[in-house]
Amino acid sequence: MSDLLWKPDKGTYSNSAIKNFSDIINKNYGVNFDEYQDLWQWSIKEPEKFWSTLIHSLGICYSGQINPVVSNNELIHDQRFFPNISLNYAENIILNLNSTPIIFINEKGFRQEISKEEIITKVSRLSSYLRSIGIRKGDRVVAIAANTPNTLISFLAVNTIGAIWSSCSPDFGEAAILDRFNQIEPTVLLYSDMYFYGGKKFNIRDKVSNVINEMKTLKKSLCINYQDEKEEDIGKDIIDINSIFNDENLSEELVFETCSFNDPMYILYSSGTTGKPKCIVHNIGGPLLQHMKEHQLHCNLKPQEKMFYFTTCGWMMWNWLISALASKATIVLYDGSPFFPDKESIIKMVDREKINFLGVSAKYLDALRNEQFSAIDKFNLDSLKCILSTGSPLIKESFEYVYKNL
């Protein structure tokens, strides 16, 4: 690309988180950075100074000794970050929740705001219930779940007790689910019995029943109710999560299991294009530290701002989105097709909700470009600070399209 499309002005840069972080580096170590590349190079040359300064500046809650920042193992794959630190991911999320951390919207137009108090109560009761049935640190809990607040709350409850989470989208087939989950021998399955896509309601209860029958290590299965009560259809023989959330006999005291920085937190998977999907284990501290760095230093995410990423619970960007709560942001969860009832649906939501960060796939942007869709004359997107995209690399035409039309 020959022409520069955009560059932050001096005012934007001077008020940015990365400028504030650079000032801390200068104060502590007497190093001045004129360009982003200078800071990047310094972080490579001085990793212990960079990461120890970063974990403090982000305000991550932990206990223990910060040194060594990186263990001195000869082989890089044996090296560990902060081996003497203990923390809990869910604690760092819950301590930083703003008053309305979650907004849920589906393609039918249902909208719900979830308060900090509701999240804390539900996380407390569900984690208390999981402990009561014998779930402990290191146990695996899996979910076949729609992208709803109750799914996110379930993840936080699982993490609160130090158990290991793994999830997939409800549109996965039985074989794809079993190829993933049977590898990790889960003790609890959480599932949505329905989801929406393209104007259709999909009931997956039969599929879930077949999966349960094939997972021999399960002790319990719980239905994560759909947020819109008009859509609930819970059978009498099913244990639903709302009965746990509403059980006043369960403790509302949040107890965070102390975990090592390098203890496992969740398991993602490779695509499965070369045999069965391969497990990708993420630790407790790494995603928290890396995601907060990306949110604050790279995106300049500020408290109370709204972040939306179009994703399911089977994609890594769902995990990335959740971590924005640790930066006191509000996140928007969406269930449905990005093009229902029309190709403008997501952009309308961004405009209506005054979303500051829009995350989509490169394929989505390319689809808009092929449709020659432009938001310039239809919507006021002044609140939108940043468009994030992952997937296949964006070509020059896509960059220009995004800059000129969204």
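Here goes a summary of the coordinates provided. Keep in mind that what you see is a predicted model, and the values were worked out from it rather than measured.

### Observations regarding the overall build of the chain
- Scanning the chain from N- to C-terminus turns up 15 helices and 17 strands.
- For 406 residues, the compact-globule estimate of 2.2 N^0.38 gives 22 Å, and the C-alpha radius of gyration of the chain, at 22 Å, lies within 12% of that figure.
- Along the first, second and third principal axes, the C-alpha atoms of the chain reach 65 × 55 × 45 Å.
- Relative to its full complement of 406 residues, the chain shows a buried share of 50%.

### Some remarks on the packing of aromatic side chains
- A complete count under the given rule lists 21 aromatic pairs for this structure.
- Here phenylalanine 21 and phenylalanine 50 contribute two aromatic rings whose centre-to-centre distance is 5.7 Å and whose plane-to-plane angle is 90 degrees, an arrangement assigned as edge-to-face. Of the two residues, phenylalanine 21 is situated in helix α2 (residues 17-29) and phenylalanine 50 in helix α4 (residues 47-57); the sequence distance between them amounts to 29 residues.
- Consider the rings of phenylalanine 310 and tyrosine 334, whose centres lie 6.1 Å apart with planes at 55 degrees: the pair is tilted. Taken as a pair, phenylalanine 310 in the loop between β14 (306-309) and α12 (316-322) and tyrosine 334 in strand β15 (residues 330-335) lie far apart in primary sequence, 24 residues in all.
- A network of ring pairs unites the aromatic residues Phe21, Phe50, Trp51, Phe81, Phe82 and Phe261 as a single cluster.

### Details of the side chain of threonine 187
- On the secondary structure map, threonine 187 appears in the loop between α8 (174-181) and β7 (188-191).
- By relative accessible area, threonine 187 is classed as buried at 10%.
- Not counting chain neighbours up to four residues away, the residues in contact with threonine 187 comprise Ile135, Asp139, Arg140, Thr217, Leu218, Lys219 and Lys220.

### Comments concerning helix α9 (residues 205-214)
- Of the residues making up α9, those classed as buried are Lys207, Val208 and Val211. Looking straight down α9, one finds its buried side chains confined to an arc of 95 degrees; they lie on one side. Across from the buried face of α9, at angles greater than 90 degrees, the exposed residues are Asp206 and Asn213.
- Summarising the contacts, the buried residues of α9 are in contact with β5 (140-144), α8 and β7.

### Notes on the nonpolar core
- Ranked by size, the top nonpolar core spans 84 residues in total, and within it Phe82, Tyr89, Leu126, Leu152, Phe155, Leu156 and Leu289 carry the most contacts.
- Looking at which element gives the most residues to this core, the answer is helix α7 (residues 149-160), with six residues.
- Residue contacts for phenylalanine 155: discarding those within four places in its chain leaves Tyr89, Trp165, Met265, Tyr266, Trp318 and Ile322.
- Ranked by size, the runner-up nonpolar core spans 23 residues in total, among them Tyr334, Ile346, Tyr364 and Val402.

### Here we look at the sheet that holds strand β1 (residues 63-64)
- The strand order across the open sheet built from three strands is β1-β2-β11, with neighbouring strands paired in antiparallel fashion. At either margin of the open sheet sits one strand with a lone partner, and together these are β1 and β11 (259-260).

### Considering α8
- Buried within α8 we find Ile177, Leu178, Arg180 and Phe181. What you see down the axis of α8 is that its buried residues fit within an arc of 160 degrees, all on one side.
- Looking at the packing, one finds that the buried side of α8 touches β5, β6 (164-168), α9 and β12 (264-269).

### Comments concerning the environment of glycine 138
- Mapped onto the secondary structure, glycine 138 falls in the loop between α6 (116-132) and β5.
- Expressed as a C-alpha distance, the spacing of glycine 138 and isoleucine 161, which sit 23 residues apart in the sequence, is 8.9 Å.
- Setting aside residues no more than four positions away along its own chain, glycine 138 makes contact with Gly162, Ala163 and Ile164.

### Describing the pairing of β12
- Most of β12 is tucked away, with five of its six residues classed as buried.
- Examined bridge by bridge, β12 and strand β13 (residues 279-283) share five bridges and lie antiparallel to one another. Each bridged residue has a counterpart across the sheet, and for leucine 268 the counterpart in β13 is isoleucine 280.

### Re a nonpolar patch on the surface
- Judged by side-chain polarity, Tyr36, Trp40 and Ile44 come together as a nonpolar surface patch covering roughly 330 Å² of accessible area.
- Position of tryptophan 40 among the secondary structure elements: in helix α3 (residues 36-45).
- What makes tryptophan 40 partly exposed here is its relative accessible area of 40%.

### Considerations on the environment of threonine 160
- On the secondary structure map, threonine 160 appears in helix α7.
- Sequence-wise, threonine 160 and phenylalanine 373 are 213 residues apart; in three dimensions their C-alpha atoms are separated by 44 Å.
- Those residues within four positions of threonine 160 in sequence are excluded, and the remaining contacts are Asn88, Ala90, Val123, Ser127, Arg131, Leu254, Val255, Phe256 and Glu257.
- Among the polar contacts listed, one links the side chain of threonine 160 to the backbone oxygen of leucine 156, at a separation of 2.7 Å.

What counts, and where the lines are drawn
- Residues numbered from 1 in each chain as written.
- Predicted model: local features only at pLDDT ≥ 70, side-chain atom pairs only at ≥ 80, totals over all residues.
- Heavy atoms only, no water.
- Helix = DSSP H or I, 4+ residues; strand = E, 2+ residues; numbered from the N terminus.
- Rg over C-alpha atoms; globule rule 2.2 N^0.38 Å.
- Buried < 20%, exposed > 50% of the residue type's maximum accessible area, 1.4 Å probe, protein only.
- Phe/Tyr/Trp six-rings, centres within 6.5 Å; stacked < 30°, edge-to-face > 60°.
- Contact = heavy atoms within 4.5 Å.
- Arc of directions from axis to C-beta.
- Core = buried A, V, L, I, M, F, W, Y, C linked by side-chain atoms within 4.5 Å.
- Pairing = 2+ DSSP bridges.
- Patch = residues over 30% accessible without salt bridge, like charges linked within 9 Å, V, L, I, M, F, W, Y side chains within 5 Å.
- Areas by Shrake-Rupley, 256 points an atom, 1.4 Å probe, with all protein chains shown as cover.
- Salt bridge = Lys/Arg side-chain N within 4 Å of Asp/Glu carboxyl O.
- Polar contact = N/O pair within 3.5 Å; in protein donor to acceptor, adjacent residues only side chain to side chain.

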